[in-house]
Every structure is written in structure tokens, then in C-alpha cells.
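Structural overview for review
Take a look at the letters that make up each chain.
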Amino acid sequence: MNIIEQTVQYVKDSLSSNDASHDYAHIERVYKMAIKIAHDESVESELDLEVIKLGALLHDVHDYKYSGSETAGPEAVQKFLNEAGYPSNLTDRVVYIVKNISYSKEMESNGNHVETPLELRIVQDADRLDALGAIGIGRTMVFSGSKGRPMYDPNIKPNINMSKKEYMDKKNDTAINHFYEKLFKLKDLMKTESGRRIAQKRHEFMELYVDHFKKEWEAEI
Ligand code: ADP
Ligand code: NI
């Protein structure tokens, strides 16, 4: 088995008990989108492409929301690639992607622009696009449902200016609030040209959805 095939097997096993918001199908969509964006960004080196593919495949292993640890993911990925005999300079680049991909990690920069490597920006955009649009709506409802949270409560207002800690500790939220607290912000955080273009379309679809949702809630339409 080559390193990609080995990684696919490892990731399938590692995510097998996750709900459908972070299952292997999410990984497959991010993988496909990352390759597409890499192509648009003219990534041509096979090794650079391999780092992007491995970053996409491994980015949600032991994710904070499921493991409760911010270091468990990068540590497990480092161990897996070492044991697979993958070269250490390339392993470092993959681990860097896994460590820095998340929205919560980006909150540490407090909105200041930080220049990051193209391979991170590509996997980040691919992951974020899967949080938007029709699929993003589905994943949000699935995630909220798996936590037993309500879809909506007009009396619980969204908090759109949370610190990283408040964001990560937030337990009793509604699914609709998540659109205001994170999803509607993503289009302005996209890092590549094609990512931005696709995000815009998916953003508009989500706006329409939330607008409809609230009107239906009030029996207006
Ligand atoms: P990132 O990898 O950027 O940190 P996450 O893994 O936290 O992103 O989130 C991915 C998706 O999981 C979200 O876009 C959303 O669909 C779902 N999700 C995460 N947190 C919540 C939440 N508090 N409420 C509803 N859905 C959520
Ligand atoms: Ni993801």
C-alpha cells in the first residue's frame, strides 16, 4: 500500500464512531475540493500535492470537539506518519496543516492578517467550504442533533464576538446561532481565489435558508 492508501485506512478507522458532521464522507469531500483548489492555484509538484492530500485526509483525526484535546490530533498524525516511515521533512509539513487548520486556531490571531503557507490555505479553504452551503446546513443540524441541542430558540441570542475560549467552551447553543457565530463569517476568511468564489455562492444559499427558517418559525410563510 502507498502512503495515501495507508492513510485512508487509518482515517476511516479513526473517524468510524463520529457523527455524520465529521465522518469519512466529510474527509472525502475535503480531499476532492483540496485537489481542485490546488489545481486552480497551479500547484504542480507531486510532493506538494501529496502534502496537501495527506493534510486533507488527516485534518480531523482526534479533533478537539471529539477528543477534548487540542494536541491529540497533531500528535497522533505525527506518530502515524513516523510509523509508516514517511520522510520527516514532509511529515512536519502535514502536521503543521493539522495543527493550524481550525477556525478556533485562527481566532488566536484576533483578526490580524498572518501570512501562512499555500498548502495550509488550500486545505483550510477546502475544509471551510464543506461547512457552507447545503452540506454545511446539513452538517450543522447533524452536529447540533448529536449534542441534543435545539434547532432554534428566538430567546437565545447569538454572541458574534466570542473569544476563542468562549467559543470552544460554549455548550448550550442552538444550531441557528452557529450560522451567526461562525458560518456567516467564513466567506471573508477564505484564503484562495477559487475558495472565495465558491464560498460566496454557498454563503448566499445559507442566508436564504436561515431567512426562510425564521419566517416559517413565525408561521409567516
Ligand atoms: P473547524 O475545523 O474550522 O474548526 P469545526 O470542525 O469546528 O470547524 O466545524 C465543522 C462543522 O461542524 C461546522 O461547520 C458545523 O457544521 C459543525 N459544528 C461545529 N460546531 C458546531 C456548533 N457549535 N453547532 C452546530 N454545528 C457545529
Ligand atoms: Ni474538517
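In the nomenclature of an unreviewed UniProt entry, the protein chain corresponds to YpgQ from the organism Acrasis kona.

Examining the packing of aromatic side chains
Following the criterion strictly, the structure yields 10 aromatic pairs and no others. Residues Tyr209 and Phe213 carry aromatic rings whose centres are separated by 6.0 Å and whose planes lie at 55 degrees to one another, so their mutual orientation is tilted. With Tyr209 and Phe213 both in helix α12 (residues 193-217) and 4 residues apart, this pair spans about one turn of that helix. Using a relative accessible area of 25% as the deciding quantity, one classes Tyr209 as partly exposed. By relative accessible area, Phe213 is classed as buried at 11%. What links up through ring pairs into an aromatic cluster is the set Tyr152, Phe179, Tyr180, Phe184, Tyr209, Phe213 and Trp217. If you follow Lys147 out to its NZ or CZ, it ends over the ring of Tyr66, 5.9 Å from the centre.

A few points about the coordination of the nickel ion (ligand 2)
The expected angle between donors at a tetrahedral four-coordinate metal is 109.5 degrees. At an octahedral six-coordinate metal it is 90 or 180 degrees. With distances of 2.1 to 2.3 Å, the protein atoms coordinating the nickel ion (ligand 2) are His26 (NE2), His59 (NE2), Asp60 (OD) and Asp127 (OD). Around the nickel ion (ligand 2) sit 4 donor atoms, and with donor-metal-donor angles ranging over 85 to 172 degrees the site reads as irregular. Here the donor residues of the nickel ion (ligand 2) share one chain and are spaced in sequence as H-x32-H-D-x66-D. Pair noted here: His26 is in helix α2 (residues 24-40) and Asp60 is in the loop between α3 (46-58) and α4 (64-67), with a separation of 34 residues, a long-range link. Neither His26 nor Asp60 differs from the other in exposure class; each is buried.

A short note on the pattern of salt bridges
As enumerated under the stated definition, the model contains 17 salt bridges in all. In this structure, Arg29 and Asp130 form a salt bridge, with 2.7 Å as the shortest nitrogen-oxygen distance. One end of the pair, Arg29, is in helix α2; the other, Asp130, is in the loop between α8 (118-129) and α9 (133-146), with 101 residues separating them in the sequence. Residue Arg29 is classed as partly exposed on the basis of its relative accessible area of 28%. For Lys215, the salt bridge identified is with Asp211, shortest N-O distance 2.9 Å. Of this pair, Lys215 and Asp211 both sit in helix α12, separated by 4 residues, roughly a single helical turn. You can call Lys215 partly exposed: its relative accessible area is 30%. A residue is classified by how much of its surface remains accessible, and Asp211, at 37% relative accessible area, is partly exposed.

So, α3
Between the first and last C-alpha of α3 there are 18 Å, a value that for 13 residues agrees with the 18 Å anticipated at 1.5 Å per step. For α3, the full list of buried residues reads Leu49, Val51, Ile52, Leu54, Gly55, Ala56, Leu57 and Leu58.

Examining the side chain of Thr116
One can find Thr116 in the loop between α7 (103-107) and α8. A relative accessible area of 17% means that Thr116 is categorised as buried. Not counting residues within four places of it along the chain, the set of residues in contact with Thr116 comprises Tyr96 and Arg121.

A look at the side chain of Asn18
Inspection of the secondary structure assignment puts Asn18 in the loop between α1 (3-14) and α2. For Asn18, the side chain forms a polar contact with the main-chain oxygen of His22, separated by 2.9 Å.

A few points about the site of ligand 1
Within the structure, ligand 1 sits among 15 residues, and His22, Lys65, Ala131, Thr140 and Lys182 are positioned closest to it. Within the side chain of Lys65, one N or O atom sits 2.7 Å away from an oxygen atom of ligand 1. Contacts to ligand 1 include Tyr103, whose backbone N or O atom sits 3.2 Å from an oxygen atom. For ligand 1, whose free accessible area comes to 550 Å², the fraction covered by protein is 92%.

Conventions used here
- Residues numbered from 1 in each chain as written.
- Chains lettered and ligands numbered in written order.
- Predicted model: local features only at pLDDT ≥ 70, side-chain atom pairs only at ≥ 80, totals over all residues.
- Heavy atoms only, no water.
- Phe/Tyr/Trp six-rings, centres within 6.5 Å; stacked < 30°, edge-to-face > 60°.
- Helix = DSSP H or I, 4+ residues; strand = E, 2+ residues; numbered from the N terminus.
- Buried < 20%, exposed > 50% of the residue type's maximum accessible area, 1.4 Å probe, protein only.
- Lys NZ or Arg CZ within 6 Å of the ring centre and 35° of its normal.
- Donors = N, O, S within 2.8 Å, 3.2 Å for Na, K, Ca; no water.
- Tetrahedral: all angles 85-135°; square planar, octahedral: opposite > 155°, others 65-115°.
- Salt bridge = Lys/Arg side-chain N within 4 Å of Asp/Glu carboxyl O.
- Expected span 1.5 Å × (residues − 1).
- Contact = heavy atoms within 4.5 Å.
- Polar contact = N/O pair within 3.5 Å; in protein donor to acceptor, adjacent residues only side chain to side chain.
- Near = heavy atom within 4 Å.
- Areas by Shrake-Rupley, 256 points an atom, 1.4 Å probe, with all protein chains shown as cover.

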